[in-house]
Structure formats: structure tokens, C-alpha cells
Amino acid sequence: MCGIVGYVGDESAKEIIISGLKSLEYRGYDSAGIALNKDGKLLLRKESGVIGNLEKRIKKNDFDGNIGIGHTRWATHGAPIRENAHPHLSCDGRIAIVHNGIIENYMELKSWLIKNHNVEFKSETDSEVIAQLICVYYNGDLVDAVRKAVERMRGAYAIGAISADDEDRIVAVRKDAPLIAGIGKGCNYLASDIPALLKYTRDIYLIENGEIVVVSRGDIKIFDEDMTRVKREKMHVTWDAAAAEKGGYEHFMKKEIYEQPEAVNKTLEGRINAKGEVKLDGIKLTKKELDSISRIYIVACGTAYHAGMQGKELIENFARIPTETDLASEFRYRDPIIDENTLFICVSQSGETSDTIEAMREAKRRGARILSICNVVGSSITRESDDVLYTWAGPEIAVASTKAYTTQLVCFFLLALYMGKTRNTLPRKEYDRIVDELKKLPAKMSDVLGADDHVARLASKFAVREQIFYIGRGSDVGTAYEASLKLKEISYINSFAIAAGELKHGTIALINRGTLFVVLATQDRLYEKMLSNIEEIKARHAYVVGVAKKGNNRIRRISDDTIMIPECSDEVAPILAVVPMQLFAYHIAKLRKRDIDKPRNLAKSVTVE
Ligand code: M6R
């Protein structure tokens, strides 16, 4: 997730922009840049890495002005290098833009610009097309050019643009990406997020989807899509800086749980075209190569391993290739059977987990092809992989992984569909049914979040427990493991996940009167079996919270409490069922007054063995 800051006034724009960008550090970034208009010329400075790198570079140079735009980039299209950092300039150097989001049809626009306007591109980004497109439509009126340019774009964006011809105007526009304008005294601001402006102003306008905003020294004008002036009430921000970073949520974990519909949407966006075909940008596997794969290992740690458990089922079901899921810390010291027909899939949010990296290197040494599912562009794992499928979850700050997990599941769906289709192992009807289910996911996830209050009430009943069991069958086993890990790591409650069929082989001995079981029963084909498991543990006086799809009402009659998820196919149920489990862990940890975002003894990225 990138950050945008803009300033126009009498002060030094670079100081204000750098300070604003630093306040957006929590969004994560891999490069940063600033463009200023000084005496009718656009000056540009960009650097990869931390903002300090940009600051040092600017200090060495004579670089200043009273109007400018800045950006921190979290790489999506193109590596995290200086060339790909924003702002991007048009070919003639007269327009500069910053952009958050993804332009889905950028390849099409790029070809058009090259063919019809001989545009030479300097970066690998989707964003550069915006600068070039605005330049093509520019005839002295920046607002008009921005409008015409966005009419041609598909995707999500918040864009800020300046022109060399105008030292008093930043023009910005948004669609499905956040944008605000800040009200100053004799100056005004633009930003993607409130924290960037808190040092300077607490009075802001929230810009709505489709609106264009013109920020000048003396005023801020907001227009709708038809260029009709919009009257907007100003909002006075009362949050402190820390609360503002969390977008008003009490913890990053809660914010990230709530970001899941958007993260899932972004991960799907641009990868399923209008005809329902899955197109995976970073995957170069051809049909011939896919047909030659005889075995797949999915290797990861923690939550990413749980995503791998679901991935195995999807790949085996859709693509019919034998697949094993393994813990990276075990795999690296085994003697796995690997040859050039082996595909090794590593899953990692950070791309920097030591065990996963070493397991990957071992597989590579033995001749496997490496495919990674990762959230961080340019991370170690992605650099050493043959194919990369990114989860577009945006930075995950809380140690407990939430949106990275659900987007990893989405990536496994996309990959398994692609493999199944290419290998002709998945009938078209089935393929279409799954694609349809995936498209409905963001809305259904929002629906699940509506159960937050109900889950919070349940959590308040159980926050004092010292032991909780999670059970399930089929895909619910992976969800049970993930639910249990979430609870353990942030609440410090001793929890345990087990395949329900295994209960009677030992664990059933632990049941006392009132022992709490969360029973995941979202798989229609295994529903009856799960009802039997509930009867079995209820007969031993356990307390049961049943989790099932709406409409499956028998579970309500035999459980003590229930959490219902929206109707959906068995395949996508894990993506929905895990959300109330994350909320359950969150509320329990909150009631136990735990340090939710930074639980004891844990690090976000485990870069040591
Ligand atoms: O960055 P990675 O996905 O490779 O990290 C793997 C695990 O360390 C991570 O998922 C960990 O289990 C989380 N804290 C779980 O919430």
C-alpha cells in the first residue's frame, strides 16, 4: 500500500512532504520520491529503500519549491528500484503524477501510447501510463487532462498530478483508493491518509469515489464526475497520531481483519478477465511444463503453512498433481525426493522467513522449479523464485497474520484453477462455478464481518478459559489449525486443533465437563460426520460453539452457541470461516488485555532459525 502527500503554500514543500511521508511509514514502503514545481520547471528526486535515503539525497542537492507531490511506494508492478519509484514524469517532463492503486488495463494503454504517440517509458510500472496519458490530453488545462485520462483507466486509483505550467494547483482524483485534502492557513494539503497531515492540520475533506479535487494555496475545490462543484462538510480529526495510523481502529490486527474484503478483491483484480479466464502475471509455467510436473511440495511456516494445507487440497482437486504440504523447518533437514519434475511452492507473507528461504534453496539445489506466493515485492524469496504470485494484501503490521492468510488462500485458488484449466483436469462447468464463487467473496466477507458483535459477545463468555479445542474435517482442519494459532499467539490461551476424526484416538480423554470446543462444520459433504462429532463430545459434557453455513440449522439445535457464515461452496468456505475465528481470538485477547499487535516473544518476520 502506497502513500501520497501533496502541499501547496509558502513554506518549503519538500520538508512538509518528507515529514508527511514519514508518518505513513506504517503502510510499508520500498521507495519514495518527490516532485516540486520551481519557477515553471518540475524537479524530481527518488530513491529506493527507506525515506532516509531520499532525505539524504535531497540534502545533497539544491532542491526546493512551494508546491509538490510525494509518494512512498509498496511495489506492485515492477521491482522496488529507483526507476519504478513515484512521482512519474511525462516524456516532456511537464507533468508529474503520484498514484496509489492498480491500473488494470495499463498494458493496453501503454501499447496505445507507444503506437500512437511514440511515448518512451522509463519504468516498469502501471502508474507511468497515467503521466503519459495526462500529457497526451493536456492542452493547458490540467483538470480537463486528468479527467480525460481517468476516463480511459480501469482499476483502483488515487492520483495526484502537478504541471510545470501551474505553480498553484495540485489536481487529484480517486476511485477505490483513499484520498483526503487538508485545510491549512494560506496553504493546503493532499494525502492518502490522515496521519500524513496531523502535524499540520486536523481539518480535512474526505474525497469520495469519482471526485476530482483541485488543491490551491487559497482554496480546495471538489467536483463530481460531471464537473459539478460539490459542497463538502469539513471534518475535524480528533484522533491522536497512533490512532490515526490505525484508521480509527484500536489495533492494526482489527484494521487488517476489516481490510480483508478489499485485500481479497485486490488479489483477484485483473487476474480473472471478463471471460472468466485466469491470467497470472508472474507465472510463466507453460502447458508442457505443467504436464511434466510429477510432484508438488508446498512449504511454509505458521499461518502460511496453514494456507498451504488448503492449497494442497485445491491443487490435488483441480489439477490432479500429487501435492505434499510441509513445514519449512522440517523440510530443510529432511531428504526430500526432488527432481527436475518437482514444483516447489513456498508461501510467505514477508518473503524473508529464514526456514522458508533455506528450504527453498535446498529444493533449488536439487533441481526443483520454485514458485512463490508472497506479499512483499522484491523480498528474498521472490528474488530467488522462478515464478511469483503476489498476494495484494498491502502491508500487514500486526504480528498475527490475517489478511495475508486469506489472500494466500485466494492465490492458491487462482493457481489451482490455472493449473486445472491448462492441464484439462478441471471441467469447464466446475471451473466457471469456482470463478463465480471467488467473485462473490469480497461481498460475503463483508457480510461475515457483520457478525463481529455476536462474536465479541461469545468471546466475553470464554475469555477466562485456559484451554480451547478446535476441530473440523476436510478443509475445516486447516481453518481449525489457523484459528487455534491465532488464539494462542495473541491471547496466550492454550489451544489445540485436531482433525475431528482423530479425537477418539486419544484427545477425547481430555474432555471434562464444560471443556470448550469450537467445531467447524462448513463442509456440506462432511456435515453429518461433524454433527456426530458434536454428539460425541456433548455426551461427555463439553461446551460446543458450532460454526456452519447459514441454512444448516441442525447444528443450532445440538450446539450451545453457533457462528453462521454466508452460504457458499465447500471450497471457498475456509476463506469465510476463518474471519470470525480471527475476530474471536482478537476479542478474547483484548478482554485479557494482551499486547495484540505485538504479542510477547514473537516477531513479525522470523529471519533467524
Ligand atoms: O512471513 P511469513 O509468512 O513467512 O511468516 C510465517 C510465520 O512466521 C507467520 O505466519 C506466523 O505464524 C504468524 N505470526 C501467524 O500469525
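Everything that follows concerns the structure shown earlier in this document.
Being a predicted model, the structure only gives us computed values, none of them experimental. (Residues numbered from 1 in each chain as written. Predicted model: local features only at pLDDT ≥ 70, side-chain atom pairs only at ≥ 80, totals over all residues. Heavy atoms only, no water.)

Draft legend 1. Focus on helix α8 (residues 260-268). Of all the nine residues making up α8, seven are buried; the element is thus mostly covered by neighbouring parts of the structure. Those residues of α8 that fall on the buried side of the exposure criterion are Q260, P261, A263, V264, K266, T267 and L268. Contacts made by the buried residues of α8 are with α7 (252-258), β20 (387-390), α14 (403-422), α15 (428-449) and α20 (573-591). G270, located one to two residues past α8, shows a positive phi value of around 75°. (Buried < 20%, exposed > 50% of the residue type's maximum accessible area, 1.4 Å probe, protein only. Helix = DSSP H or I, 4+ residues; strand = E, 2+ residues; numbered from the N terminus. Contact = heavy atoms within 4.5 Å.)

Draft legend 2. How the structure looks around the packing of helix α10 (residues 302-319) against α14. Where α10 contacts α14, the two axes come as close as 9 Å, and the packing angle between them is 20°. In terms of axis orientation, α10 runs roughly parallel to α14. In this structure, α10 crosses over α14, and the sense of that crossing is right-handed. Note on element contacts: α14 touches α10 through Y405, Q408, L409, F412, F413, A416, L417, M419 and G420, opposite T303, A304, H306, A307, G308, Q310, G311, L314, I315, F318 and A319. In terms of residue class, the contact of α10 with α14 is made up of 13 nonpolar, seven polar and no charged. (Axes fitted to C-alpha atoms, helices over the stretch in contact; angles between N-to-C directions. Parallel < 35°, antiparallel > 145°, perpendicular 65-115°, else oblique. Left-handed = near helix turned anticlockwise from the far one by under 90°. Nonpolar A, V, L, I, M, F, W, Y, C, P; charged D, E, K, R; others polar.)

Draft legend 3. Main features of the environment of S348. By the secondary structure assignment, S348 is in strand β18 (residues 342-348). A relative accessible area of 3% places S348 in the buried class. Ignoring sequence-local partners within four residues, the contact set of S348 consists of A304, T353, I373, C374, N375, I381 and Q408. Within polar-contact distance, the side chain of S348 engages the backbone nitrogen of G351 at 2.8 Å. (Polar contact = N/O pair within 3.5 Å; in protein donor to acceptor, adjacent residues only side chain to side chain.)

Draft legend 4. Quick peek at the side chain of N375. With respect to the secondary-structure elements, N375 resides in the loop between β19 (369-374) and α13 (380-383). Looking at N375, its side chain comes within polar contact range of the main-chain oxygen of G394, at 3.0 Å. Non-local contacts of N375, meaning those with residues more than four positions away in its chain, are made with W74, S348, Q349, Y390, T391, W392, A393 and G394.

Draft legend 5. Fine view of the environment of R465. Here R465 is to be found in the loop between α16 (452-462) and β21 (467-472). C-alpha separation for the pair R465 and V435, spaced 30 residues apart in sequence, amounts to 41 Å. Those residues in contact with R465 that lie beyond four places of it in its chain are I493, G514, T515, L516, Y543 and R592.

Draft legend 6. Molecular detail of the packing of helix α17 (residues 475-491) against α20. Remark: α17 packs on α20, axes separated minimally by 9 Å, with the N-to-C direction vectors making an angle of 20°. Considered as vectors, α17 and α20 are oriented roughly parallel to each other. As α17 runs across α20, the sense of the crossing is right-handed. For the pair α17 and α20, the contacting residues are S475, T479, E482, A483, K486, L487, I490 and S491 in the first and P574, A577, V578, M581, Q582, A585, Y586, I588 and A589 in the second. Its residues placed into classes, the contact of α17 with α20 shows 11 nonpolar, four polar and two charged.

Draft legend 7. Molecular detail of unusual backbone geometry. Omega for the peptide link from H86 to P87 comes to -5°, which places this bond in the cis form. Of note, P87 is situated in the loop between β4 (67-73) and β5 (88-89). The phi angle at D176 is positive, at roughly 55°, despite the residue not being glycine. Within the secondary structure, D176 sits in the loop between β8 (170-175) and β9 (180-183).

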